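# Geometric and topological summary
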Amino acid sequence: MEKLTTFTSTAVPMPLAHVDTDQIIPARFLKATTREGFGDNLFRDWRYDKQNNEIEDFVLNNPIYSGKILVAGKNFGCGSSREHAAWALYDYGFRVVVSSFFADIFQANSLNNGLLPIIVSDEDLDYIFKAIEKNSEQKFIVDLPNQSFTILGHDKMIEFEIDEYKKNCLIDGQDDIDYLVSLKPEIEEFEKSHIRF
């Protein structure tokens, strides 16, 4: 995973509530065993018709929107617990998803796979959508170390909560296994000092 600290980006708006993981990555694409390539099928049934043609009015097919931030409606990531949903969003290029509510398992899967879910109030989410509607090139600053999300040019900064351990893992670009491996010298030293005969 790449390190996530502070960056500035435009955002892609998806003001739909209750987007479930089967819409994020349909079940027929879950056969792969590695994380690569899932971005190609992100929101597959919304991005393409049955003849594999782009559906023009879907937001990911609209060239005026781009960026590392997806702004989603309430209850994003509900449904099944498939980790592939986080893989698909990350592989597509998103590093942050903003919503007023995430399904618990989706939120955990995101944090474990380098994707930062930022929870904001319903009022702030509406404000963000309106800012993007007025200006498709609206920029935002994501500052993970200081846990803030700033809407540039609006004098508006939103603070967000995150588990301290997961925050540090994202900043260091580590998942749980990477973190444990990084502790190997301390673990070995502990074992040496606690040998019993």
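Look up: the structure comes first, before these words.
In this report, we go over the structure that sits alongside the text. (Residues numbered from 1 in each chain as written. Predicted model: local features only at pLDDT ≥ 70, side-chain atom pairs only at ≥ 80, totals over all residues. Heavy atoms only, no water.)

## Here we look at the overall build of the chain
In plain terms, the rule: Strands here are runs of E lasting at least two residues and helices are runs of H or I lasting at least four, both read from the DSSP assignment and numbered beginning at the N terminus. The rule is simple: take the accessible area with a 1.4 Å probe, protein chains only, and divide by the maximum for that residue type; under 20% is buried, over 50% is exposed, in between is partly exposed. When checking whether two residues touch, look at their non-hydrogen atoms; a contact exists if any pair is within 4.5 Å. Only the protein chains shown count as cover for residues, and all accessible areas are computed by the Shrake-Rupley method using a 1.4 Å probe.
Helices and strands together make up the secondary structure of the chain, namely eight helices and eight strands. Its C-alpha atoms give the chain principal-axis dimensions of roughly 70 × 45 × 25 Å. A total of 197 residues make up the chain; the buried ones form 46% of that total. Contacts spanning at least 24 positions in sequence make up 64% of the contacts within the chain whose residues lie at least 6 apart. Summed over all atoms, the accessible surface of the chain reaches about 10900 Å², with 50% contributed by carbon and sulfur.

## Remarks on the sheet that holds strand β2 (residues 11–14)
Threshold: A pair of strands is considered paired only if DSSP assigns at least 2 bridges between the two. A fitted line through C-alpha atoms represents every axis, and for helices the fit uses only the stretch in contact; the resulting angles, taken between N-to-C directions, go from 0 to 180 degrees.
Ordered by their spatial adjacency, four strands build an open sheet running β2-β3-β4-β5, and the pairing between neighbours is parallel. Edge positions in the sheet fall to β2 and β5 (116–119), since each has one partner strand and no second. Within this sheet the neighbouring strands show an average axis-to-axis angle of 20°, counted without direction. Sheet topology places β2 next to strand β3 (residues 69–72); four bridges connect them, and they run parallel. Residue pairing in the sheet places Pro13 in a bridge with Val71 of β3.

## Quick word on the nonpolar core
Rules: Nonpolar cores are built from buried Ala, Val, Leu, Ile, Met, Phe, Trp, Tyr and Cys residues. Side-chain atoms within 4.5 Å join them into one set.
Phe43, Ile69, Phe76, Leu89, Val98, Leu116 and Phe149 are the most contacted members of the largest nonpolar core, which has 52 residues in total. For this core, the element with the most residues is helix α5 (residues 122–134), which contributes five residues. Each residue touching Leu116, except ones within four places of it in the same chain, is listed here: Leu4, Arg95, Val96, Val97, Val142, Leu144, Phe160, Ile162 and Leu170.

## Some details on the sheet that holds strand β7 (residues 148–151)
Think of a sheet as strands paired side by side through backbone hydrogen bonds, with each pair either parallel or antiparallel. As summarised here, the arrangement of the four strands in space is β1-β6-β7-β8, forming an open sheet in which the pairing is antiparallel. The open sheet has two edge strands, β1 (6–9) and β8 (156–159), and neither has a second partner. Each strand of the sheet is rotated relative to its neighbour by a mean of 15°, with strand direction disregarded. With four bridges joining them, β1 and strand β6 (residues 140–143) adopt antiparallel strand pairing. Residue pairing in the sheet places Thr8 in a bridge with Ile141 of β6.

## So, the packing of helix α3 (residues 84–92) against helix α4 (residues 104–112)
Stated precisely, the cut-off is as follows: Here the angle decides the label: under 35 degrees means roughly parallel, over 145 means roughly antiparallel, 65 to 115 means roughly perpendicular, and every other value means oblique. With the far helix as reference, a near helix turned anticlockwise by less than a right angle produces a left-handed crossing, and one turned clockwise produces a right-handed crossing.
α4 packs onto α3 with a crossing angle of 50° between their chain directions and a minimal axis gap of 8 Å. By the criterion of interaxial angle, the relationship of α3 to α4 is oblique. When you trace α3 past α4, the crossing you get is right-handed. Contacts between α3 and α4 involve Ala85, Ala86 and Leu89 from the former and Phe106, Asn109 and Ser110 from the latter.

## Digging into the packing of aromatic side chains
For the record, the criterion: When the centres of two rings from Phe, Tyr and Trp lie within 6.5 Å, Trp using its six-membered ring, the rings pair. Their planes under 30 degrees apart give stacked, over 60 give edge-to-face, and anything left gives tilted.
Following the criterion strictly, the structure yields nine aromatic pairs and no others. Measuring from ring centre to ring centre gives 5.2 Å for Phe140 and Phe149, while their planes differ by 20°; the resulting arrangement is stacked. The exposure class of Phe140 is buried, given its relative accessible area of 0%. Note on Phe149: relative accessible area 0%, which makes it buried.

## Brief notes about the environment of Phe140
For Phe140, the location among the structural elements is in strand β6. Not counting chain neighbours up to four residues away, the residues in contact with Phe140 comprise Phe7, Thr8, Ser9, Thr10, Ala11, Ile69, Ile128, Ile132, Phe149, Thr150 and Ile151.

## Regarding the pairing of β6
As judged from the four bridges shared by β6 and β7, these two strands associate in the antiparallel manner. Each residue of the ladder has a partner; that of Phe140, found in β7, is Ile151. Counted along the chain from β6 to the antiparallel partner β7, the turn is four residues long, and its residue Gln147 has a positive phi close to 55°.

## Details of α3
A large share of α3 lies buried, amounting to seven of its nine residues. Where α3 is buried, its residues touch α1 (21–24), β3, β4 (96–99) and α4. Positive phi shows up at Gly93, right after α3, with a value of about 125°.

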